[in-house]
Amino acid sequence: MIPRSSEPTAAEASAWADVLVRRRLLQTAGQWLNQDRPERPVRVLSGPADVVAQAATIQHRNRSTRSESR
């Protein structure tokens, strides 16, 4: 995968966030919230661009973990 050379636009990030919610890969309660583990505090993300960045981080972490276990 080739890394992006620029940050997503607000419209692009919002569209991706909507797709993640519709596919039930992300939940929202009026705000974008993030909690890494049940014992960790909940963090409020500032907008769709942060949601997309968080999803990319999780995806990268999951792929790295899978390739290490092979």
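Given the structure is predicted, the values throughout are model-derived calculations rather than measurements. (Residues numbered from 1 in each chain as written. Predicted model: local features only at pLDDT ≥ 70, side-chain atom pairs only at ≥ 80, totals over all residues. Heavy atoms only, no water.)

Undergrad: Can you walk me through the overall build of the chain in this structure?
TA: When its secondary structure is counted, the chain shows two helices and two strands. Listing each helix as α and each strand as β along the chain from the N terminus yields α-β-β-α. Considering the chain as a whole, with its 70 residues, one finds that 14% of them fall into the buried category. At a minimum sequence separation of 6, the contacts of the chain that also span at least 24 residues come to 26%. Total accessible area computed for the chain in this model is approximately 6100 Å², and 52% of it derives from carbon and sulfur atoms. (Helix = DSSP H or I, 4+ residues; strand = E, 2+ residues; numbered from the N terminus. Buried < 20%, exposed > 50% of the residue type's maximum accessible area, 1.4 Å probe, protein only. Contact = heavy atoms within 4.5 Å. Areas by Shrake-Rupley, 256 points an atom, 1.4 Å probe, with all protein chains shown as cover.)

Undergrad: I'm lost on the environment of isoleucine 58 in this one. Help?
TA: With respect to the helices, strands and loops of the structure, isoleucine 58 is situated in helix α2 (residues 48–68). For isoleucine 58, a relative accessible area of 35% corresponds to the partly exposed category. For the pair isoleucine 58 and aspartate 36, spaced 22 residues apart in sequence, the C-alpha separation works out to 9.7 Å.

Undergrad: So what exactly am I meant to see when it comes to the side chain of glutamine 54 here?
TA: Among the structural elements, glutamine 54 can be located in helix α2. Residues in contact with glutamine 54, not counting those within four places in the same chain, are Asn34, Asp36, Arg43 and Leu45.

Undergrad: I keep staring at a nonpolar patch on the surface and nothing clicks. Help me out?
TA: Together, Leu33, Val42 and Val44 give the surface a local cluster of nonpolar side chains, amounting to about 250 Å² of exposed area. Position of valine 44 among the secondary structure elements: in strand β2 (residues 43–45). (Patch = residues over 30% accessible without salt bridge, like charges linked within 9 Å, V, L, I, M, F, W, Y side chains within 5 Å. Salt bridge = Lys/Arg side-chain N within 4 Å of Asp/Glu carboxyl O.)

Undergrad: Even after reading the chapter, I still don't get helix α1 (residues 10–22), so can you show me in this structure?
TA: For α1, with 13 residues, the first-to-last C-alpha span of 18 Å sits near the 18 Å given by 1.5 Å per residue. Restricting attention to buried positions, one finds in α1 the residues Ala13, Ala17 and Leu20. The arc that holds the buried residues of α1, viewed along the axis, is 60°, so those residues lie on one side. Exposed side chains of α1 directed beyond 90 degrees from the buried face belong to Ala11 and Arg22. A positive backbone phi angle near 60° is found at arginine 24, which sits one or two residues after α1. (Expected span 1.5 Å × (residues − 1). Arc of directions from axis to C-beta.)

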